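A structural walkthrough
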Amino acid sequence: MNRLSHATQGRYAPPTPVRELTVTSADGASLHVEEYGPGGAPTVVLAHGWTCSIAFWAPVIRELSRDHRVIAYDQRGHGHSAPPPYGCYTTETLADDLAAVLDQTLATGPDGAKEQAVVVGHSMGGMTIMAAARRPELRERAAAVLMCSTGAGGLLAETLVVPTPRGRVRERVHTLVLGSAAPLGRVTPVARRVLRYVTMGRAATREMTDACARIVHACPRRVRAQWGHMMGGMDLVADVGELTPPTAVIVGTADRLTPPVHAHKIVAALPNSLGLTVLPGIGHMTPVEVPDTVADAIRGLVADHLTDDHTNPAPVPAEASPKASVVADAATAKEPSA
């Protein structure tokens, strides 16, 4: 990802990571991971949504990294992570990748004690968490979970992007929207207006819209189409009941992509629900539209569920892991070229 694919100044510009890592997933795929904040602090792991990247979390990372260790990774095909081969755009692949990130960035002590974190997912990132609900890596490593603006299934029937009546026509139209491989081109005023209508609430500022547009337009169109097609047919409803960590959910009332009906269904099915926060007038891009609200929710989960007993007093450095390699740190990293 180059400098033109995200904001370069202000609150929505990604901060400089402490280090960059490469994590190896179950099938050998390499995932780009960035770490922020002080070592030894409580850890938060962030999974972004469809067509986004680590840069999407910039305002949340800026807030949390003052006193939290923040781990964020690029989903396959997004940001610096290579796309999966044909046919591997599945919820199982998403679960494999999250499991690998948790296993290779969180320490395991000499006595076998496993470091825990608060795991946060937005949109497809929330779907990733639900897909990994049965994985031991998530059950052992997640002290608590926060899911923002997401759904477990039935997206085509409930999505409000195109205001058509419920039924087959509506589902077909939304199938075309989610699975479209049409090039988005450069970010223009028209493109910003379209993205704002689809993904954000009316109060979203130009700065927010521009930051999101740069990130979304940088996503390769084949990747966008393949993951969109996957989400259209996805069914993680049964997995929600297997998500055992304490879990909170956030949604905006103006969310057209994953309307509040999805959040209500998820909360009703969770075995250890911490409740639902509904944000009036906020759209789908909650971590960008209300980053302070999202960061405060994460801080609350850390305070309530990530005690000293859940952190490893002697973290294992990434260099010691056979599957996690250090790419660069703040002292040696070079700025990406424009």
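Structure first, text after, so check above.
First, a word on scope: everything that follows refers to the structure included in this document. (Residues numbered from 1 in each chain as written. Predicted model: local features only at pLDDT ≥ 70, side-chain atom pairs only at ≥ 80, totals over all residues. Heavy atoms only, no water.)

1. A few points about the packing of aromatic side chains
Operational definition: Two aromatic rings, drawn from Phe, Tyr or Trp (for Trp, its six-membered ring), form a pair once their centres lie within 6.5 Å of each other, and the interplanar angle then sorts them: stacked below 30 degrees, edge-to-face above 60, tilted otherwise. Relative accessible area decides the class of each residue, using a 1.4 Å probe on protein chains only: under 20% of the type maximum gives buried, over 50% gives exposed, and in between gives partly exposed. Only DSSP runs of H or I reaching four residues or more are called helices, and only runs of E reaching two or more are called strands; each is numbered from the N terminus.
Under the defined criterion, the tally for this structure stands at 2 aromatic pairs. Look at F56 and W57: their rings are 6.0 Å apart centre to centre, the planes differ by 80°, and that puts the pair in the edge-to-face class. In this structure, F56 and W57 share a single accessibility class: buried. Geometrically, the ring pair formed by Y89 and W227 is edge-to-face, given 4.9 Å between the ring centres and 70° between the ring planes. Taken together, the positions of Y89 in the loop between β4 (69–73) and α2 (91–105) and W227 in helix α9 (residues 221–233) put the pair 138 residues apart, joining distant regions of the chain. The same class applies to Y89 and to W227, which are both buried.

2. Things to note about the pairing of strand β1 (residues 19–24)
Both faces of the sheet carry side chains from a regular strand, because those side chains alternate between them. Definition in use: Two strands form a pair only when DSSP identifies at least two bridges running between them.
Bridge count between β1 and strand β2 (residues 30–36): 6 bridges; the pairing is antiparallel. Note on β2: the bridge partner recorded for L21 is V33.

3. Comments concerning helix α7 (residues 189–199)
For an α-helix, 3.6 residues make a turn, and residues three or four places apart therefore share a direction. What counts is decided by this rule: By construction, the arc corresponds to the directions joining the helix axis to the C-beta atoms. Here, residues are in contact when the closest pair of their heavy atoms is within 4.5 Å.
When we look at burial in α7, the residues that qualify are A191, R192, L195, V198 and T199. Axial view of α7: buried residues confined to an arc of 135°, hence all on one face. Turning to α7, the residues buried within the fold contact α8 (206–218) and α12 (286–289).

4. With respect to helix α11 (residues 260–269)
All buried positions along α11 are accounted for by P260, H262, A263, I266 and V267. The buried residues of α11 occupy one face: seen down the axis, they fall within an arc of 150°. In α11, the exposed residues that point more than 90 degrees away from the buried face are K265 and A268.

5. So, the environment of D74
Defined as follows: A 3.5 Å cut-off defines polar contacts: any pair of N or O atoms within that distance qualifies, except that in protein one atom must be a possible hydrogen donor and the other a possible acceptor, and neighbouring residues in sequence count only when both atoms are side-chain atoms.
Within the element layout of this structure, D74 appears in the loop between β4 and α2. Every residue in contact with D74, bar those within four places of it in the chain, is listed here: L31, H32, H48, S53, I54, G79, H80 and S81. A distance of 2.8 Å separates a polar atom in the side chain of D74 from the backbone nitrogen of H80.

6. Here we look at the side chain of H68
Along the polypeptide, H68 turns up in the loop between α1 (58–64) and β4. Among the polar contacts listed, one links the side chain of H68 to the side chain of D67, at a separation of 2.8 Å.

7. Some words on the state of the cysteines
This is how it is decided: Pairs of cysteine sulfur atoms within 2.5 Å are what we label disulfides.
Inspection of every chain in the model, using the stated rule, returns 0 disulfides. Distance from the sulfur of C219, which forms no disulfide, to the nearest cysteine sulfur (C52) is 8.3 Å. Since its relative accessible area comes to 7%, C219 is described here as buried.

Read these as geometric descriptors, not functional statements.
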